[in-house]
Amino acid sequence: MTLRVLLDVDTGVDDAMAIQFAVAHPDVDLIGITCVAGNTSLGNVVDNTLRVLDLAGAPPIPVAAGALRPLIEPVRASHVHGGNGLGDIPLPESTRTVDERHAVDFARDLLLASSEPVTIVALAPQTNLALLLRLHPEVIPQIERILFMGGSASGGNATAVAEFNVWHDPEAASIVIGSGVPTFMYGLDVFNQVTIDEADADALLTGPSASGRLTGALLRHQMADDADGEPDPSGYAGHIGDAGALCALVDPDALHIERHPVRVALAGESRGQTIVDRRQRVGEDTVHAAGSAAPATRPTVIDVALDVDRERYARLFLATIATLP
Ligand code: RIB
Ligand code: CA
């Protein structure tokens, strides 16, 4: 079954691999891409996205530029994607043009014109999506669900407890999760598990396809960027990162998914943390709130991926990338 998909990206080393996957996989009908500042500046995100689409031999998929910065915070680009946001890997300049509309207007028009509901796959800080939902709630019936790479039911990466996409724009993530749109969280609990081993990465790097060589270079960048900068002792070259969220879209059976209340911490040291409530019983916070003036409001219950068959997604990723020119 083909899924109509709108991607929201901050391309980004792993966003690039996700775009390659989305272009290549037969079950994904990629109808548009919106760009937002995050891993790197908005200008770099747009430029990188167009160049990756070119290399993938993609059809003329419309691309629109969105928010230059988060709703509240300044831009705090990720330090792990290199100077140009694409691992400083040089790619030919693109001849594609960017849609003249702002990403929010573009997404509204795209969703309202769609003959069937659209799946939004969010691989970046959710500023564009929050603005879309606040400015144009009329699009909500046209959204099948929002699958977002972000958050964590365990530890963080941007901080000890917060994952980068949510940490970069916590208010936006809170708006999206609380919007009532069916939402699926592909967080660090699974994001960090799916890796490609060195032999496969190097086979891509030296292989016949330009897209495969880019993927190999992106995976090598991921490895080179490991904290100690040394080859990963496990032999794994690099995380497929955001591309894992596209694997989750087309092969959800490889995941262990639970439904839990999730809310985003907006204050204090835990700001940007996704608080995933996995308790099986009512807690004291509810019991003792019963009599208080401000009754506890239950966070939104969403699908949360908590484990993954990492080998299955690694094989799916490699098989899909192998079909690109
Ligand atoms: O925390 C990982 C996420 O932050 C990924 O989407 C990566 O591209 C960065 O945006
Ligand atoms: Ca990203």
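Note that this is a predicted model, so its numbers are computed, not measured.

A. How the structure looks around the overall build of the protein chain. Within the protein chain, the secondary structure is distributed over 12 helices and 11 strands. Here the C-alpha atoms of the protein chain give a radius of gyration of 19 Å, agreeing with the 20 Å that 2.2 N^0.38 yields for 325 residues. Its C-alpha atoms give the protein chain principal-axis dimensions of roughly 70 × 45 × 40 Å. Of the contacts formed within the protein chain by residues at least 6 apart in sequence, a portion of 83% connects residues at least 24 apart. For the protein chain, the accessible area works out to roughly 13300 Å², and carbon and sulfur atoms hold 54% of it. Here the protein chain holds 21 positive side-chain charges and 43 negative ones, and the gap between their average locations is 6 Å.

B. Representation of the coordination of the calcium ion (ligand 2) within the structure. At the metal site, the calcium ion (ligand 2) is ligated by Asp-10 (OD), Asp-15 (OD), Asp-15 (OD), Leu-123 (O) and Asp-242 (OD), and these contacts range over 2.2 to 2.6 Å. Each donor residue of the calcium ion (ligand 2) lies on the same chain, and together they follow the pattern D-x4-D-x107-L-x118-D. Separated by 113 residues along the polypeptide, Asp-10 in the loop between strand S1 (3–9) and helix H1 (13–24) and Leu-123 in the loop between strand S4 (118–122) and helix H4 (127–135) bring together distant segments of the chain. The same class applies to Asp-10 and to Leu-123, which are both buried.

C. Expanded view of unusual backbone geometry. One non-glycine residue, Asp-88, adopts positive backbone phi at about 55°. You can see Asp-88 is positioned in the loop between strand S3 (63–65) and helix H3 (103–113).

D. The arrangement of the environment of Asn-44 in detail. Of note, Asn-44 is situated in helix H2 (residues 42–55). Classification of Asn-44 as partly exposed rests on a relative accessible area of 24%. Taking the C-alpha atoms as reference, Asn-44 lies 25 Å from Leu-133; in sequence the two are 89 residues apart. Setting aside residues up to four positions removed in sequence, Asn-44 forms contacts with Thr-11, Gly-83 and Asn-84. At 2.8 Å, the side chain of Asn-44 forms a polar contact with the side chain of Thr-40.

E. Highlighting H1. Here H1 spans 17 Å end to end across 12 residues, near enough to the 16 Å set by a 1.5 Å rise per residue. Burial analysis of H1 places 12 of its 12 residues in the buried class, which makes it a mostly covered element. Among the residues of H1, those classed as buried are Val-13, Asp-14, Asp-15, Ala-16, Met-17, Ala-18, Ile-19, Gln-20, Phe-21, Ala-22, Val-23 and Ala-24.

F. Broad picture of the packing of aromatic side chains. Scanning the entire structure with this criterion turns up 1 aromatic pair. A cation sits over an aromatic face here: Arg-76 above Trp-167, 3.7 Å from the ring centre. Lying over the aromatic face of Phe-184, Arg-145 brings its terminal NZ or CZ to 5.4 Å of the ring centre.

G. Quick peek at the sheet that holds strand S10 (residues 274–276). Taking strand neighbours across the sheet as the criterion, the 9 strands line up as S3-S2-S1-S4-S5-S6-S11-S9-S10 in an open arrangement whose pairing is mixed. Two strands close off the open sheet at either side, each with one partner strand: S3 and S10. In this sheet, adjacent strand axes meet at a mean angle of 30° when their direction is disregarded. Both S4 and strand S5 (residues 143–149) contribute to a ladder of 5 bridges, which runs parallel. Residue pairing for S5: Ile-120 is matched across the bridge by Ile-146. On the sheet, H4 packs against S1, strand S2 (28–35), S4 and S5 and is oriented at approximately 150° with respect to S5.

H. Focus on the site of ligand 1. Around ligand 1 lies a shell of 13 residues, among which Asp-14, Asn-157, Glu-163, Asn-165 and Asp-242 are the nearest. At a separation of 2.6 Å, an oxygen atom of ligand 1 approaches a polar side-chain atom of Asp-242. Look at ligand 1: alone it shows 280 Å² of surface, and the protein chains cover 95% of it. Those elements that provide at least two residues to the shell around ligand 1 are H1 and helix H5 (164–168). Here the residues of the shell around ligand 1 are counted per class, giving 4 nonpolar, 4 polar and 5 charged.

I. Looking closely at the nonpolar core. One finds Leu-7, Tyr-186, Tyr-313 and Phe-317 to be the most contacted residues of the largest nonpolar core, which totals 67 residues. At 9 residues, the largest contribution of residues to this core is made by H1. Discounting residues that sit within four places of it in the chain, Tyr-186 has contacts with Leu-147, Phe-148, Met-149, Gly-150, Phe-191, Val-194, Gly-241, Gly-244, Ala-245, Ala-248, Leu-255 and Tyr-313. Among the nonpolar cores identified, the runner-up in size contains 34 residues, and Leu-110, Val-118, Phe-148 and Val-176 belong to it.

Cut-offs used in this document
- Residues numbered from 1 in each chain as written.
- Chains lettered and ligands numbered in written order.
- Predicted model: local features only at pLDDT ≥ 70, side-chain atom pairs only at ≥ 80, totals over all residues.
- Heavy atoms only, no water.
- Helix = DSSP H or I, 4+ residues; strand = E, 2+ residues; numbered from the N terminus.
- Rg over C-alpha atoms; globule rule 2.2 N^0.38 Å.
- Contact = heavy atoms within 4.5 Å.
- Areas by Shrake-Rupley, 256 points an atom, 1.4 Å probe, with all protein chains shown as cover.
- Lys, Arg positive; Asp, Glu negative; His and termini not counted.
- Charge placed at Lys NZ, Arg CZ, Asp CG, Glu CD.
- Donors = N, O, S within 2.8 Å, 3.2 Å for Na, K, Ca; no water.
- Buried < 20%, exposed > 50% of the residue type's maximum accessible area, 1.4 Å probe, protein only.
- Polar contact = N/O pair within 3.5 Å; in protein donor to acceptor, adjacent residues only side chain to side chain.
- Expected span 1.5 Å × (residues − 1).
- Phe/Tyr/Trp six-rings, centres within 6.5 Å; stacked < 30°, edge-to-face > 60°.
- Lys NZ or Arg CZ within 6 Å of the ring centre and 35° of its normal.
- Pairing = 2+ DSSP bridges.
- Axes fitted to C-alpha atoms, helices over the stretch in contact; angles between N-to-C directions.
- Near = heavy atom within 4 Å.
- Nonpolar A, V, L, I, M, F, W, Y, C, P; charged D, E, K, R; others polar.
- Core = buried A, V, L, I, M, F, W, Y, C linked by side-chain atoms within 4.5 Å.

So, to be careful, I would describe these as geometric facts and stop short of saying anything about function.
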